[in-house]
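One-letter residues, chain by chain:
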Number of protein chains: 2
Amino acid sequence: MITNQVKQKFIEIVGSENYFDSKTERLVYSYDATPNFQSMPDAVIVPSNKDDVASIVKLCNAYHIPIVPRGSGTNLCAGTCPTEGGLVIIFTRMNQILEIDEENLTVTVQPGVITQDLINAVEQRGLFYPPDPSSMKISTIGGNINENSGGLRGLKYGVTRDYVLALEAVLPNGDIIQTGGKLAKDVAGYDLTRLFVGSEGTLCVITEATLKLIPMPETKKTMLALYEDLEAAARTVSSIIANRIIPTTLEFLDQPTLEVVEDFAKIGLPTDVKAVLLIEQDGTADIVEHDMEKIRTICLKEQAKSVQIAKTTEEAAALTAARRAALSALARLKPTTILEDATVPRSEIAKMVKAINEIAEKYNVKICTFGHAGDGNLHPTVPTDARNEEEMERVEKAFEEIFARAIELGGTITGEHGVGVMKAPYLEWKLGSAGISAMKAIKEAFDPNNIMNPGKVFAKETRKRVVVSK
Amino acid sequence: MITNQVKQKFIEIVGSENYFDSKTERLVYSYDATPNFQSMPDAVIVPSNKDDVASIVKLCNAYHIPIVPRGSGTNLCAGTCPTEGGLVIIFTRMNQILEIDEENLTVTVQPGVITQDLINAVEQRGLFYPPDPSSMKISTIGGNINENSGGLRGLKYGVTRDYVLALEAVLPNGDIIQTGGKLAKDVAGYDLTRLFVGSEGTLCVITEATLKLIPMPETKKTMLALYEDLEAAARTVSSIIANRIIPTTLEFLDQPTLEVVEDFAKIGLPTDVKAVLLIEQDGTADIVEHDMEKIRTICLKEQAKSVQIAKTTEEAAALTAARRAALSALARLKPTTILEDATVPRSEIAKMVKAINEIAEKYNVKICTFGHAGDGNLHPTVPTDARNEEEMERVEKAFEEIFARAIELGGTITGEHGVGVMKAPYLEWKLGSAGISAMKAIKEAFDPNNIMNPGKVFAKETRKRVVVSK
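Chain A is annotated in an unreviewed UniProt entry as Glycolate oxidase subunit GlcD of Sutcliffiella cohnii. Recorded in UniProt under Cofactor (unreviewed entry), the annotation for chain A is "FAD". On record in UniProt, under Sequence similarities (unreviewed entry), the comment for chain A is "Belongs to the FAD-binding oxidoreductase/transferase type 4 family."

Spelled out as structure tokens, the structure:
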């Protein structure tokens, strides 16, 4: 609850034109891209700089008002759903690229910059920002940092965390701190930069970031390998890496996903095979040529039905764009689409794909599986209907079993989507109670009043671990 | 103080053959590679597994006995000097390489493994572990992780932090936790893995680590560029990066360092020039050839006197080995050698080199400067004599001014050596009081009794900031 008196104080900070609390306006920020989660915030506020943010946070801390920092709300763990009400902070007035430093190969941005805009801006200078979440046309850098977003190029280039050099952040007590710098090396104290990356808005509000850039690769090539056997495709993934080749992208799409994506994108994807691998390599022309040839041989040796290399840049771009559109395409099937991101060591990807299909059969649910196979990061996706309670119960049981199986295989419950509300009940399966206690100790040290995105990461109750039949 | 009763409990855990408290034995562990710091521990203990470590830590927590986890003691910030007494834990019985996983490209090790042994073991399988601190022949992986060690290949490949995928660690309360996994992506909760890397033994005792490996580069070449002008050498560093080339190694040595290193290594290094850059590139033969040619052109354009490419692998290895021996060589000059690692954005390296020379003149101290110029990470080194109090005072003032200038240039007080005791009084210059408070909150949350390497990172008093004349 925000009283009228406190509301006036917020308005003093940002002006009445940047504070919203009508029912319609609150409704817009009551949900994110995660199905089945909705909760009304008390108000929405739009700061213009770090001092605004610090004043807002101080006020929230004094009055114990929950804060939900929000980019474009594309996250899939209900991480930006204001489950406990309070104040949603949005960054549409803090959306500037502040500097591209060509000597130090860095870019400094405000949190509201759209990921794709950043990527375009640096590519115009011949520089490269690798993290490319599928939502990058809409997502913000602030959101990417809070969730430690991955993407299609993660296999070779890593995730958002690997590119954050420095942060400016407002702590729950209102302190503004700077971490890191334009520095290749910095060991002055604990690595707060990387503690904040992926902390899902539960420790601080990020107000500025300096990101590492690398030289733009000279060229790239894209290949599609077609399989009649799911597990052969999965085995190929391990085989490529074991042969000491690290492609930029190594994506897996099963037949149900292919069908839906082709119906959406209409670019001539094969829909009569059991699975495809979408493989991209970048670098100098020589290396790309050499690696693609080696990859082709490995695919064929692992029983690929055929291997097609995109003939033009346009054809390659269309393939990648189609893959990026998988969620949008799948979302057209049924009223509700639940997409998860259980992740395993890449040597276990064949076992995981097999397990997902067995689990789908066991619970009689349709699961389309695609994802960043090279990272061991799969997206089993269920098109369903939240209104069908009986089916939803089976869907939930199927996902529980998928998480449990992933952990048995040495994996994790989430590779890139975050914990949020959605996966909080399963976090202890990965971390054990000692791991959860250690993380809670950090949370309580930073945020004793629990104002920063409360209800996220830490669950009130842990799910009982299901017993998985092997 | 460890009472006889508590001593018996330690002996019950590890056996009397693994617990030492004679004066001679304690003396051996009373100092590390940092000059001018010495303090006697109460005892030394050698655990054989994580359960031993957990039992030891629980006992120390119950009796408030300080713990200093120690690898080979090569660190340069007095991070393993038992300044508050207590128990030194050494890992000579936990020194096994447990697994090299060629499918997932990982290696799992105990903390006591020698860095060079790890590197050799994985290279035999055609795999590559890039972090290569100059002390790697002696240092342990546990020490490298605690200090987030850098090395000569950091420019292209990053530091220890970038290769730690998973940790097993004992927390101050005795809990054993596992963080991360053999996973390319994992966002299940806060990034404890990277919080622990570089935490200098103040948060936990690391008992096992899984490290990322990459395919071994096909080939490499090594070049020496000679300069008559210090700042021209420094400018070349920025220029190479700004030309979108990221060499593996980009080291700077000034004339005084060259002279000393040549006298030590006797490999025909030039000693009549003002500075040299030691540059290495690895990758496929084509890329190496192409980049070396481009780098040569840049060096000459920036007024290099000459550029020499090592003709044989042996010649290249001798150059790198000579660079790695710089500290040992400099240590022969005077009774005391103080080596620091102030770090700046690489665009500021010319200004920093200039500042170091001005500061040396101002305080009338000899400073030899060398270091990882590509990382902006310089090692100004003073050969001095700790018994000469008047000179030591000037040396300290010179270093204070170097730290201050580094921070003014957007840099940090330590790039790879850590804070330890040595730089604790300066940490606030980099982080501000809010940054220090945030870090202290984490420390207190994990270690309320302050048993884990007490007196490190956090200083009792912060040095007054010197005013630097520009």
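Once you've had a look at it, read on.
For the rest of this paragraph, the subject is helix α1 (residues 4–14) of chain B. All names here are of chain B. Along α1, the positions that sit buried rather than exposed are Val6, Phe10, Ile11 and Val14. Projected down its long axis, α1 carries its buried residues within an arc of 145°, all on one side. Facing away from the buried side of α1, by more than 90 degrees, are the exposed residues Asn4, Gln5 and Glu12. Tucked inside the fold, the buried residues of α1 contact β1 (19–20), β2 (43–45), α3 (50–63) and β4 (87–90). Gly15, located one to two residues past α1, shows a positive phi value of around 85°.

Here the focus is the interface of chain A and chain B. With 77 residues of chain A at the interface, the matching set in chain B holds 77 residues. Both faces combined, the contact of chain A with chain B buries some 6,000 Å², and carbon together with sulfur accounts for 61% of it. Of all residues in chain A, Lys185, Tyr190 and Arg244 of chain A bury the most surface against chain B, accounting for 17% of the area lost on that side. Linking chain A to chain B there are ten salt bridges. Of the charged contacts, one joins Lys430 of chain B and Asp186 of chain A as a salt bridge, the two residues approaching to 3.7 Å between their closest N and O atoms. Counting across the chain A and chain B interface gives 24 residue pairs in polar contact (both at pLDDT 80 or more). At twelve residues, helix α15 (residues 427–446) of chain A tops the list of elements feeding residues into the side of chain A that touches chain B.

Time to look at the environment of Thr207 of chain B. Residues and elements named next belong to chain B. By secondary structure assignment, the location of Thr207 is in strand β10 (residues 205–212). Taking C-alpha positions, Thr207 is 9.9 Å from Ser48, a pair spaced 159 residues apart along the chain. When near neighbours in sequence (up to four residues on either side) are disregarded, Thr207 contacts Lys50, Val53, Met94, Gln110, Pro111, Glu168, Ala169 and Val170.

Analysis parameters
Residues numbered from 1 in each chain as written. Chains lettered and ligands numbered in written order. Predicted model: local features only at pLDDT ≥ 70, side-chain atom pairs only at ≥ 80, totals over all residues. Heavy atoms only, no water. UniProt positions renumbered as here; feature names shortened; annotations may be inferred. Buried < 20%, exposed > 50% of the residue type's maximum accessible area, 1.4 Å probe, protein only. Helix = DSSP H or I, 4+ residues; strand = E, 2+ residues; numbered from the N terminus. Arc of directions from axis to C-beta. Contact = heavy atoms within 4.5 Å. Buried area = accessible area lost by both parts, 1.4 Å probe. Salt bridge = Lys/Arg side-chain N within 4 Å of Asp/Glu carboxyl O. Polar contact = N/O pair within 3.5 Å; in protein donor to acceptor, adjacent residues only side chain to side chain.

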